[in-house]
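As a plain string of letters, each chain reads:
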Amino acid sequence: KEGLRKTKQGFVDKVSNVFSGRTNIDDDLFEELEEVLIQADVGVKTTFALIEKLQEDVETENITEPEELMNYFQKELQTMLQNQEGGFKLDKKLNIIMVVGVNGAGKTTTIAKIAGRYKNQGKKVMLAAGDTFRAGAIEQLQIWGDRLGVNVIAQQEGSDAAAVAYDAVQSARARDVDLLIIDTAGRLHTQTNLMEELKKVKRVIDREAAEIAAGVEVLLVLDATTGQNAIAQAKLFNQAVNVDGVALTKLDGTAKGGIVIAVKNELGLPIKLIGVGEAAEDLQNFDPEEFIEALFS
Ligand code: GDP
């Protein structure tokens, strides 16, 4: 995968250097590995957990060759990433995805890519312009709606985001929509207000969805190039609205793909989608095995 080239070079090649070109498995190896992992945004907790696992492997499997231990490293990574399913099930009559994340993370493009994908699969898709705060956000979503041929529910700039969400659910219900994707604001400077607004939007969606047994998922969009910042943001959003899954964008733009591991292992959030470029097909369902395979092959 071309989109993971930087991470391959900046992360996997460095890991691989730690294991090759030395004859013994010693403290030095683990110290170097620790440094590489932390630099790659794997996260402190996860780095220590990985190293501990490897040290156990050395004991239990009687490993003496550093090169052999590299295979165990790959296996332990895979174990950490397993049990997450990419994409969305859409198994309810109406499925609602509430998309959250800070401005610039890639919310709008992610929404458009998801909408385009399911439209192509024959689903009836609707968008809701719930970022009523940022100038241009509503229009941007309407442009995407026109381009994709899907309805966009919108009110004026500055209107109540929860009211837009309410309208959207009613409208989706009336028009037999399969998938309703609700955009939300992502302004960072007034964080408390934002989180309160998101909570309110979520409450309205949950309440309206419960009445018609619709499915609700909160998708957090995170920019992989922002590293530990993205992890800190994720904690805030998760506290406010209980995130169900993550879309990790711009993986093509970072050499620190370790954030994929941190999201799952430090935050306990499944990765649903990864973005490895700007084109529609560059938003892919996350598949842990494929991901590891792409990195290590
Ligand atoms: P929003 O403010 O969160 O709605 O962000 P946008 O959707 O407008 O995206 C911000 C920028 O990131 C745009 O230029 C997108 O094309 C770009 N972008 C989004 N996802 C990806 C990705 O996976 N890879 C790359 N290279 N760019 C991306």
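What counts, and at which threshold
Residues numbered from 1 in each chain as written. Predicted model: local features only at pLDDT ≥ 70, side-chain atom pairs only at ≥ 80, totals over all residues. Heavy atoms only, no water. Helix = DSSP H or I, 4+ residues; strand = E, 2+ residues; numbered from the N terminus. Buried < 20%, exposed > 50% of the residue type's maximum accessible area, 1.4 Å probe, protein only. Expected span 1.5 Å × (residues − 1). Contact = heavy atoms within 4.5 Å. Near = heavy atom within 4 Å. Polar contact = N/O pair within 3.5 Å; in protein donor to acceptor, adjacent residues only side chain to side chain. Areas by Shrake-Rupley, 256 points an atom, 1.4 Å probe, with all protein chains shown as cover. Arc of directions from axis to C-beta. Core = buried A, V, L, I, M, F, W, Y, C linked by side-chain atoms within 4.5 Å. Axes fitted to C-alpha atoms, helices over the stretch in contact; angles between N-to-C directions. Parallel < 35°, antiparallel > 145°, perpendicular 65-115°, else oblique. Left-handed = near helix turned anticlockwise from the far one by under 90°. Nonpolar A, V, L, I, M, F, W, Y, C, P; charged D, E, K, R; others polar. Phe/Tyr/Trp six-rings, centres within 6.5 Å; stacked < 30°, edge-to-face > 60°. Salt bridge = Lys/Arg side-chain N within 4 Å of Asp/Glu carboxyl O.

Trainee: So what about unusual backbone geometry? Which residues, and what values?
Mentor: Of note in this structure, Asp176 is not a glycine but carries a positive phi near 55°. Mapped onto the elements, Asp176 comes out in the loop between α7 (161-174) and β4 (179-182). Residue Asp176 is classed as partly exposed on the basis of its relative accessible area, which comes to 49%.

Trainee: Describe helix α4 (residues 66-81), with residues and values.
Mentor: With 16 residues, α4 should reach 22 Å at 1.5 Å per residue; the first-to-last C-alpha distance of 23 Å fits that figure. Taken together, the buried positions of α4 are occupied by Pro66, Leu69, Met70, Tyr72, Phe73, Glu76, Leu77, Met80 and Leu81. Considering only its buried residues, α4 is in contact with α1 (5-19), α2 (27-39), α3 (44-60), α10 (259-267) and α11 (288-296).

Trainee: Break down the site of the ligand for me, with residues and values.
Mentor: Close to the ligand lie 16 residues, the nearest being Gly104, Lys107, Thr108, Asp252 and Glu278. With respect to the ligand, the backbone of Gly104 contributes an N or O atom lying 2.6 Å from an oxygen atom. Isolated, the ligand exposes 590 Å² of accessible area, and the fraction of that covered by the protein chains is 79%. With 3 residues, helix α5 (residues 107-120) is the largest single contributor of residues to the shell around the ligand.

Trainee: Help me get a handle on helix α6 (residues 137-148), residues and values and all.
Mentor: Along an α-helix, residues three or four positions apart point the same way, because every turn accommodates 3.6 residues. End to end, α6 covers 17 Å across 12 residues, agreeing with the expected 16 Å (1.5 Å per residue, within 8%). Along α6, the positions that sit buried rather than exposed are Ala137, Ile138, Leu141 and Gly145. For α6, the angular spread of buried residues about the axis comes to 100°, placing them on one side. Exposed and oriented more than 90 degrees from the buried face of α6 are Glu139, Asp146 and Arg147. Looking at the packing, one finds that the buried side of α6 touches α5, β2 (125-128) and β3 (151-153). Gly149 lies just past α6 and shows a positive phi near 75°.

Trainee: Go over the nonpolar core, please, and point to the residues and values.
Mentor: Counting residues in hydrophobic clusters, the biggest one holds 105 residues, and the most contacted among them are Phe19, Phe73, Leu180, Leu248 and Phe291. Residues within four places of Phe291 in sequence aside, it is in contact with Leu4, Leu81, Leu251, Gly257, Val260, Ile274 and Phe286.

Trainee: So, the packing of α4 against α11: which residues are in play, and what are the values?
Mentor: Taken N-terminus to C-terminus, the directions of α4 and α11 make an angle of 150°; their axes are 9 Å apart at the nearest point. Comparing their axes, α11 and α4 come out roughly antiparallel. The handedness of the crossing between α4 and α11 is right-handed. Only Pro288, Glu289, Phe291, Ile292 and Phe296 of α11 make contact with α4, whose side of the interface consists of Met70, Phe73, Gln74, Leu77, Gln78 and Leu81. Class assignment for the residues of the contact of α4 with α11 results in 8 nonpolar, 2 polar and 1 charged.

Trainee: Give me the lowdown on the packing of aromatic side chains, citing residues and values where you can.
Mentor: Think of a pair of aromatic rings as described by two things: how far the centres are apart, and how the planes are tilted against each other in angle. Per the stated rule, a full pass over the model turns up 3 aromatic pairs. Ring plane angle 45° and centroid distance 6.0 Å describe the contact between Phe19 and Phe73, whose orientation is recorded as tilted. With a gap of 54 residues between them, Phe19 in helix α1 and Phe73 in helix α4 connect regions that are remote in the sequence. Neither residue differs from the other here; Phe19 and Phe73 are each classed as buried.

Trainee: Mind laying out the side chain of Ser159, listing which residues take part and the relevant values?
Mentor: Along the chain, Ser159 falls in the loop between β3 and α7. Setting aside chain neighbours within four positions, we find Ser159 in contact with Thr132 and Val164.

Trainee: I'd like a description of the pattern of salt bridges, backed by residues and values.
Mentor: Here the structure, examined in full by the defined rule, presents 12 salt bridges. Close ionic contact of Asp28 with Arg22 constitutes a salt bridge, the shortest N to O distance being 3.9 Å. What you see here is one network of salt bridges that share partners, running through Arg22, Asp28 and Glu32.

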